[in-house]
Protein chains: 2
Amino acid sequence: MNKTIITILLASVLSVGNAYCANESEAITASTNVPEAQYPKVDGNKRAHFRIHAPEANNVKVDICGKKYDMTRDNDGWWSAVTNPLVVGFHYYFIIVDGVSVIDPSSEAFYGCGRMSGGIEIPESAEAAAYYTFNKDVPHGQVRECKYYSDIENAERRCFVYTPAEYEVNHDKKYPVLYLQHGMGEDERGWHQQGMMANILDNQIASGKCVPMIVVMDYGNCGYIFGSRPGETREQFGASFTPIMLNELIPYIDKNFRTLSDRDNRAMAGLSWGGHETFETTLRNLDKFSHIGSFSGALFFLANGIDKAYDGIFTNADKFNSDVHTFFLGMGSEENFGSDKISDALNNAGIKHTYYTSEGTHHEWLTWRRCLNEFLPLIFKQKS
Amino acid sequence: MNKTIITILLASVLSVGNAYCANESEAITASTNVPEAQYPKVDGNKRAHFRIHAPEANNVKVDICGKKYDMTRDNDGWWSAVTNPLVVGFHYYFIIVDGVSVIDPSSEAFYGCGRMSGGIEIPESAEAAAYYTFNKDVPHGQVRECKYYSDIENAERRCFVYTPAEYEVNHDKKYPVLYLQHGMGEDERGWHQQGMMANILDNQIASGKCVPMIVVMDYGNCGYIFGSRPGETREQFGASFTPIMLNELIPYIDKNFRTLSDRDNRAMAGLSWGGHETFETTLRNLDKFSHIGSFSGALFFLANGIDKAYDGIFTNADKFNSDVHTFFLGMGSEENFGSDKISDALNNAGIKHTYYTSEGTHHEWLTWRRCLNEFLPLIFKQKS
């Protein structure tokens with residue numbers, strides 16, 4: 001923005017009506033904006049205030065949290081809108097300019113919805129947000145981008161690997177590993193960028209709430225919207241990830257990091273489609289995993305009855321309860337992705353598990369930050 | 001995209017005129033697209049083919065390489081355009097929808113131009129691109145995202161740190177460090193994402209062309225367009241980075257990585273405004289640096305004559321030539337950012353340096369990939 005634009009912007013701010021001025025003055029710039037972008041802002045009622053310069057456009061909307069808000073044009077071509085109060089946490093959003101859904105130029109970009117998307121963080125109280133907030137007084141791990149070559153795909157692949165702060169100084173210590181998967185239309189960046197996983201791990205490790213661990217985030221081969229590939233079945237969608245994970249990713253991680261590589265020290269969890277991938281991978285390979293988490297996902301396996309799922313694995317509750325050290329299900333109270341139904345079926349089958357409800361949240365990242373925060377203290381704490 | 005959209009897309013492809021069909025059939029999907037996005041494509045004449053669905057828009061353009069191309073609408077609301085042959089390498093680009101400049105929904109997003117931007121890679125020959133291409137047959141380093149707290153800014157900061165592949169196995173070896181800066185309107189992601197620095201380092205280290213080193217990429221506090229902050233002078237723009245680098249970043253890196261921390265083993269280089277920051281930082285602190293590179297940058301210091309620059313540092317050529325082990329300047333042949341003028345002035349002053357011209361390239365990332373490729377073999381090779 002140059003000075004002229006800023007002058008126009010200031011004039012524009014001063015000229016808006018009283019409808020939302022009361023909150024405008026106290027609204028703060030969203031943490032998810034690019035540098036120097038003043039809008040969007042969030043006010044004390046958790047309403048988001050959007051603004052974009054589009055003097056030639058005929059119709060501009062904001063698309064956020066399942067609702068499209070018409071924006072209003074002023075005489076200088078600035079369009080603005082204020083949302084209803086929003087649920088706290090991270091939301092993808094788009095600006096719709098004459099029918100084209102695009103990223104707000106003021107927003108950082110996040111991979112979600114099968115494409116790069118805008119995003120806005122609606123802050124909750126500092127106390128509630130503390131577990132995923134950067135704390136300058138705790139040691140910080142690193143998130144490492146690693147490239148490896150997949151012979152299965154005949155292509156370069158990328159994963160992100162969180163190593164705890166102490167990894168750099170304890171050169172002889174080996175660590176358990178959590179494989180953590182994103183959902184449909186997202187990719188290996190999601191847990192770090194939208195999920196704030198590094199802050200969650202740093203804070204829990206520092207307080208002793210979870211054990212120091214390595215966390216691996218790879219691409220689940222489901223980064224587009226199901227249906228985009230003609231002829232692809234639901235069973236095929238993302239299924240190519242499991243053999244890559246088992247035969248290439250895990251060996252790569254165990255070779256290149258100081259890992260504890262037995263089943264007692266390997267966990268997998270995922271959100272939404274990543275929860276489905278987690279069940280598909282772990283429940284068919286319990287020789288390799290003993291800690292399992294599904295956040296708002298993995299409902300499909302109930303379709304034919306729990307007894308028939310995964311070669312009857314749930315019909316022998318004693319063996320399952322002995323083999324699986326952690327079995328975690330979580331979901332937001334405002335979504336309907338079936339973790340509650342899975343929990344009911346598991347209870348009926350005598351399968352021990354932890355069920356968590358994130359109060360007030362939808363099928364969104366705050367649900368999954370909370371799920372991760374609940375899941376981490378449970379894993380890698382079995383008696384060896 | 002759902003099946004309907006794909007059907008429309010296919011029909012649209014089949015119905016376009018012959019004006020560019022000859023190349024359309026051989027065009028390949030750009031490597032910079034998001035998964036499943038077929039367009040933009042690049043044809044054998046290095047022309048980019050863009051396509052976007054915007055049935056309600058009145059005017060759609062593509063803005064790339066300094067030229068705006070009108071897009072043409074078909075009956076189904078798909079707009080398309082083909083560019084002139086483009087220079088090879090990475091280009092930022094935008095789609096302009098009824099006057100609003102936005103990221104193409106088909107593109108990955110890159111931080112540049114003071115905001116998230118679309119980007120397209122126009123491939124050059126495999127031979128020419130080999131040095132920055134992922135090679136599955138060489139060991140790969142890691143790019144680590146590190147967070148640290150700045151007391152100067154009273155805020156969390158982020159840097160990316162490349163460690164060579166051998167860093168993980170040679171636990172007692174210490175490494176020289178290159179601090180590598182982005183340009184105006186970019187940030188600490190640029191060198192890794194647009195600049196392909198990890199591939200360049202991996203390939204050079206594997207072949208012995210450069211020595212194994214750590215590379216640190218931090219935010220140069222110039223990630224917006226100069227003029228956006230009312231009252232900020234050119235001297236102030238980005239200048240807050242130097243004290244942070246000297247007093248916080250370098251100590252953080254030396255504490256958390258196995259570094260050689262003497263001046264013989266510390267380099268700094270930057271592109272465009274990052275070149276200016278490099279001169280401002282190194283030439284005032286030669287006790288801390290002995291290898292210096294400026295790619296398409298750092299012209300301002302000549303304004304009052306080279307003798308007056310940096311407290312007269314260039315007036316004692318013998319001392320400068322003895323103190324500075326590497327002094328590198330580079331620029332694209334098609335840009336006018338003054339590295340040639342600096343080189344002339346340095347020659348007149350008897351200052352030893354290396355001057356490199358990237359043939360055929362502009363003020364863009366391929367120039368800087370090439371500059372880095374030329375700079376790396378020169379550094380950290382002085383007799384100790």
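Reading the values: rules and limits
Residues numbered from 1 in each chain as written. Chains lettered and ligands numbered in written order. Predicted model: local features only at pLDDT ≥ 70, side-chain atom pairs only at ≥ 80, totals over all residues. Heavy atoms only, no water. Bend = angle between axes of the 7 residues up to and from the residue. Helix = DSSP H or I, 4+ residues; strand = E, 2+ residues; numbered from the N terminus. Buried < 20%, exposed > 50% of the residue type's maximum accessible area, 1.4 Å probe, protein only. Contact = heavy atoms within 4.5 Å. Least-squares fit on C-alpha atoms with pLDDT ≥ 70 in both. Pairing = 2+ DSSP bridges. Buried area = accessible area lost by both parts, 1.4 Å probe. Salt bridge = Lys/Arg side-chain N within 4 Å of Asp/Glu carboxyl O. Polar contact = N/O pair within 3.5 Å; in protein donor to acceptor, adjacent residues only side chain to side chain. Disulfide = S-S within 2.5 Å. Core = buried A, V, L, I, M, F, W, Y, C linked by side-chain atoms within 4.5 Å. pLDDT = per-residue confidence, 0-100.

This brings us to helix 6 (residues 241-256) of chain B. Residue and element names in this part refer to chain B. In helix 6, a bend of some 35° at Leu-249 exceeds every other bend along the element, and Pro-251, a proline, comes one to four places later. For helix 6, the complete set of buried residues consists of Phe-241, Thr-242, Ile-244, Met-245, Leu-246, Glu-248, Leu-249, Ile-250, Tyr-252 and Ile-253. Residues of helix 6 that are buried make contact with strand 12 (142-150), strand 13 (155-163), strand 14 (177-181), strand 15 (214-218), strand 16 (266-271) and helix 7 (273-282).

Moving on, we come to the relation of the copies chain B and chain A. Each copy of the sequence occupies a distinct position, and chain B is placed on chain A by a rotation of 180° and an axial shift of 0.0 Å, giving an RMSD of 0.0 Å. Both chain copies can therefore be described as sitting about a two-fold axis. The rotation axis passes nearest to the C-alpha of Arg-144 of chain B in chain B, at a distance of 2.0 Å. Most of the interface of chain B is mirrored in chain A, where 100% of its interface residues again form contacts.

Next up on the list: the sheet that holds strand 3 (residues 48-53) of chain B. Residues and elements named next belong to chain B. Taken together, five strands build an open sheet; the order of strands is 1-2-3-7-6 and the sheet is antiparallel. Both edges of this open sheet fall to strand 1 (28-29) and strand 6 (72-73), since each of them pairs with a single strand only. In this structure, strand 6 lies alongside strand 7 (residues 78-82), joined through two bridges in antiparallel fashion. By the bridge assignment, Arg-73 is partnered in strand 7 with Trp-79.

Here we take up the interface of chain B and chain A. By a widely used convention, the size of an interface equals the accessible area lost when the partners come together. Each side of the interface is counted separately: chain B has 55 residues, and chain A has 55 residues. Counting the surface lost from both chain B and chain A, the interface buries some 4500 Å², and carbon and sulfur atoms represent 56% of this. Summed over the shared surface of chain B and chain A, the result is six salt bridges. We note a salt bridge from Glu-108 of chain B to Arg-189 of chain A, for which the minimum N-O separation is 2.8 Å. At the junction of chain B with chain A, the criterion picks out 12 residue pairs in polar contact (both at pLDDT 80 or more).

Once that is clear, we can look at the side chain of Ser-290 of chain B. Residues and elements named next belong to chain B. Following the sequence through the fold, Ser-290 ends up in the loop between helix 7 and strand 17 (291-295). Overall, Ser-290 belongs to the buried group, its relative accessible area being 0%. Polar contacts involving the side chain of Ser-290 include one to the side chain of His-291, which spans 3.3 Å. If we ignore the near neighbours within four places in the chain, the residues touching Ser-290 are Arg-263, Asp-264, Arg-266, Asp-323, Val-324, His-325 and Thr-326.

As a further point, take unusual backbone geometry. Here Tyr-39 of chain A and Pro-40 of chain A are connected by a cis peptide whose omega angle stands at 0°. Summarising the element assignment, Pro-40 of chain A is placed in the loop between strand 1 (28-29) and strand 2 (41-42). A positive phi angle, close to 55°, is found at Asn-154 of chain B, a residue other than glycine. Checked against the element boundaries, Asn-154 of chain B lands in the loop between strand 12 and strand 13.

Right, let's talk about the state of the cysteines for a bit. Residues and elements named next belong to chain A. In this structure the tally under the stated criterion is zero disulfides over all chains. In this structure Cys-222 is a free cysteine whose sulfur lies 13 Å from that of Cys-113, the closest cysteine sulfur available. The class of Cys-222 is buried, set by a relative accessible area of 0%.

Counting residues in each nonpolar core, the largest one holds 118 residues, and the members touching the most others are Leu-178 and Phe-295 of chain A together with Leu-178 and Phe-295 of chain B. With sequence-adjacent residues up to four places away left out, Leu-178 of chain A is seen in contact with Met-213, Ile-214, Val-215, Val-216, Ala-267, Met-268, Ala-269, Leu-372, Phe-375, Leu-376, Ile-379 and Phe-380 of chain A.

A word on the confidence of the model for chain A. Detail in the predicted coordinates should be disregarded across regions flagged by low pLDDT. Residues and elements named next belong to chain A. Per-residue pLDDT for chain A averages 93, and the proportion of residues at 70 or more is 93%. pLDDT under 50 marks residues 1-22. Its contacts with residues more than four places away, or in other chains, come to 29 contacts. Taken over the whole predicted complex, pTM reads 0.93, whereas the ipTM for its chain interfaces reads 0.92.

Okay, the pattern of salt bridges next. All names here are of chain B. The full count for this structure, using the stated rule, is 44 salt bridges over all chains. In this structure, Arg-157 and Asp-218 form a salt bridge, with 2.9 Å as the shortest nitrogen-oxygen distance. Taken as a pair, Arg-157 in strand 13 and Asp-218 in strand 15 lie far apart in primary sequence, 61 residues in all. Side by side, Arg-157 and Asp-218 carry an identical accessibility label, which is buried. The shortest N-O distance in the salt bridge between Arg-189 and Asp-187 comes to 2.9 Å. Taken as a pair, Arg-189 and Asp-187 share a single burial class, namely buried.

Let's shift gears to helix 5 (residues 197-207) of chain B. Counting along an α-helix, one turn takes 3.6 residues, and residues three or four places apart therefore face a common direction. Residues and elements named next belong to chain B. The buried fraction of helix 5 amounts to nine of the 11 residues, a majority that puts the element mostly inside the structure. Of all the positions in helix 5, only Met-197, Ala-198, Asn-199, Ile-200, Leu-201, Asp-202, Asn-203, Gln-204 and Ile-205 are classed as buried. On the buried face of helix 5, the contacting elements are strand 12, strand 13, helix 4 (190-193), strand 15 and helix 10 (365-375). Backbone geometry just after helix 5 places Gly-208 at a positive phi near 80°.

Another aspect to go through is the pairing of strand 10 (residues 109-112) of chain B. Residues and elements named next belong to chain B. Residues of strand 10 alternate between two faces, with Ala-109 and Tyr-111 on one and Phe-110 and Gly-112 on the opposite face, all of them buried. Across four bridges, strand 10 lies against strand 11 (residues 115-122) in antiparallel orientation. Residue Ala-109 lies in a different strand from strand 11, and its bridge partner there is Gly-118. Adjacent in sequence and paired antiparallel, strand 10 and strand 11 are bridged by two residues, among which Cys-113 carries a positive phi angle near 65°.

On to the sheet that holds strand 6 (residues 72-73) of chain A, then. All names here are of chain A. One open sheet accounts for five strands, arranged 1-2-3-7-6; its pairing is antiparallel. Strands with a single pairing partner mark the edges of an open sheet, and in this sheet they are strand 1 and strand 6. Here strand 2 runs beside strand 3 (residues 47-53); their pairing, made up of two bridges, is antiparallel. Each bridged residue has a counterpart across the sheet, and for Val-42 the counterpart in strand 3 is Ala-48.

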